[in-house]
Amino acid sequence: MSGKRAALVIVSVLVAAGIGWVLFIGLPRWYGSPATATRPAPAAPATPEDGRTIKARLFYVSDDGARLTSVERDVPFAEQTTAQARRIVDAQLTPVTAPLVSAVPAGTTLRALYLASDGSAYVDLSREVTLAHPGGSVNELLTIYTIVQALTTNLPAITAVQLLVDGREVDTLAGHVDIKRPLPRNDAWVADSAAAVAEPAAAAAASTSAAVAIAPTR
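My aim in this report is to walk through the structure given alongside it, one point at a time. (Residues numbered from 1 in each chain as written. Predicted model: local features only at pLDDT ≥ 70, side-chain atom pairs only at ≥ 80, totals over all residues. Heavy atoms only, no water.)

Section: the layout of surface pockets
The computed volume of the largest pocket comes to approximately 180 Å³. As for the largest pocket, its lining consists of Gln92, Leu93, Thr94, Pro95, Val96, Ser102, Val104, Pro105, Ala106, Gly107 and Thr108. For the lining of the largest pocket, a count of residues per class yields six nonpolar, five polar and no charged. (1 Å grid on protein atoms, 1.4 Å probe; cavity = no way out; pocket = protein on both sides within 12 Å on 5 of 7 lines; lining within 4 Å. Points joined across faces, edges and corners; volume = space filled by probe spheres on them. Nonpolar A, V, L, I, M, F, W, Y, C, P; charged D, E, K, R; others polar.)

Here's the deal with the packing of helix α2 (residues 81-93) against helix α4 (residues 137-154)
Packed helices, taken two at a time, are described by the angle between their axes plus the distance between the axes. Contact geometry for α2 and α4: axes closest at 10 Å, N-to-C directions at 140°. Relative to α4, the element α2 is oriented oblique. Where α2 crosses over α4, the handedness of that crossing is right-handed. Residues Ala85, Ile88, Val89, Gln92 and Leu93 of α2 lie in contact with α4, whose contacting residues are Thr146, Ile147, Ala150, Leu151 and Asn154. Considering only residue class, the contact of α2 with α4 consists of seven nonpolar, three polar and no charged. (Axes fitted to C-alpha atoms, helices over the stretch in contact; angles between N-to-C directions. Helix = DSSP H or I, 4+ residues; strand = E, 2+ residues; numbered from the N terminus. Parallel < 35°, antiparallel > 145°, perpendicular 65-115°, else oblique. Left-handed = near helix turned anticlockwise from the far one by under 90°. Contact = heavy atoms within 4.5 Å.)

Describing the pairing of strand β2 (residues 68-76)
By the bridge criterion, nine bridges tie strand β1 (residues 53-61) to β2 in an arrangement that is antiparallel. Counterpart to Thr53 in the pairing with β2 is Pro76. In sequence, β1 turns back onto β2 through a hairpin of six residues, with Gly65 there showing a positive phi of about 75°. (Pairing = 2+ DSSP bridges.)

Some details on the side chain of Asn154
Inspection of the secondary structure assignment puts Asn154 in helix α4. Engagement of the side chain of Asn154 in a polar contact is seen with the backbone nitrogen of Arg57, the distance being 2.8 Å. One polar contact links the side chain of Asn154 to the main-chain carbonyl oxygen of Ala150, over a distance of 2.6 Å. Setting aside chain neighbours within four positions, we find Asn154 in contact with Lys55, Ala56, Arg57, Ile88 and Gln149. (Polar contact = N/O pair within 3.5 Å; in protein donor to acceptor, adjacent residues only side chain to side chain.)

Some remarks on the packing of aromatic side chains
Scanning all chains against the criterion turns up one aromatic pair. Measuring from ring centre to ring centre gives 6.4 Å for Tyr145 and Trp189, while their planes differ by 15°; the resulting arrangement is stacked. Note that Tyr145 is positioned in helix α4 and Trp189 in the loop between β7 (183-184) and α5 (193-196), a separation of 44 residues in sequence. The class for Tyr145 is buried, based on a relative accessible area of 8%. (Phe/Tyr/Trp six-rings, centres within 6.5 Å; stacked < 30°, edge-to-face > 60°. Buried < 20%, exposed > 50% of the residue type's maximum accessible area, 1.4 Å probe, protein only.)

Thoughts on unusual backbone geometry
With an omega of 15°, the peptide bond running from Ala98 to Pro99 counts as cis. With respect to the helices and strands, the residue Pro99 is situated in the loop between α2 and β3 (110-115). With phi around 55°, Asp166 is a residue other than glycine that occupies positive phi space. Along the polypeptide, Asp166 turns up in the loop between β5 (160-165) and β6 (168-169).

Focus on the nonpolar core
Formed by 40 residues in total, the largest nonpolar core has its most connected members in Val123, Ile144, Ile147, Leu151, Val161, Leu163 and Ile179. Sorting the residues of this core by element identifies β1, β2, α2, β3, β4 (120-125), α4 and β5 as the ones contributing at least two each. Ranked by residues supplied to this core, first place goes to α4 with eight residues. Apart from the residues within four sequence positions on either side, Ile144 is in contact with Leu163, Leu173, Val177, Ile179 and Leu183. (Core = buried A, V, L, I, M, F, W, Y, C linked by side-chain atoms within 4.5 Å.)

The following block contains the structure:
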């Protein structure tokens, strides 16, 4: 009996060893090591719109201090109108050096920008636009129309602009000009408006028509 038991033990050990070899050595050799999952390398952050730019007209205080003057600048390109509008406003709010003078108080930043289906743009500026404003009705108008003209001149899809401050609608920026509604483009506040219009040929044709209309008859 003891001999049979010893034989059974030996057989059991051999069977267990064989099973272990199959599980841990044989199968991996036959089927290969399990593939290890690899994460794709993170994509490098792309330069906005591949570094493309557009020519945009930005607006600054004219030499007489009573109106605005336009300057052509390169602004990063964006596919969507809302994104392009943000980039134009960001460029307009960028500090400038002499001889340019910005009508927007220093430190003012763009918080958000929204477009409505009727072509109105809602531009939410930081509180510095009011807290750091020098005051005066002309200065207030120039601040407002700096943003209005920058968007309506460069983006035909935008027909009017309303300024918000710190996420809220306000009555005025400095106590003089009602901004509770979107304001349309107004070239009367631009000293060189003939150069700022998008279609100079159309402007020239309009001027010619007006001249003909008032010409004296014989």
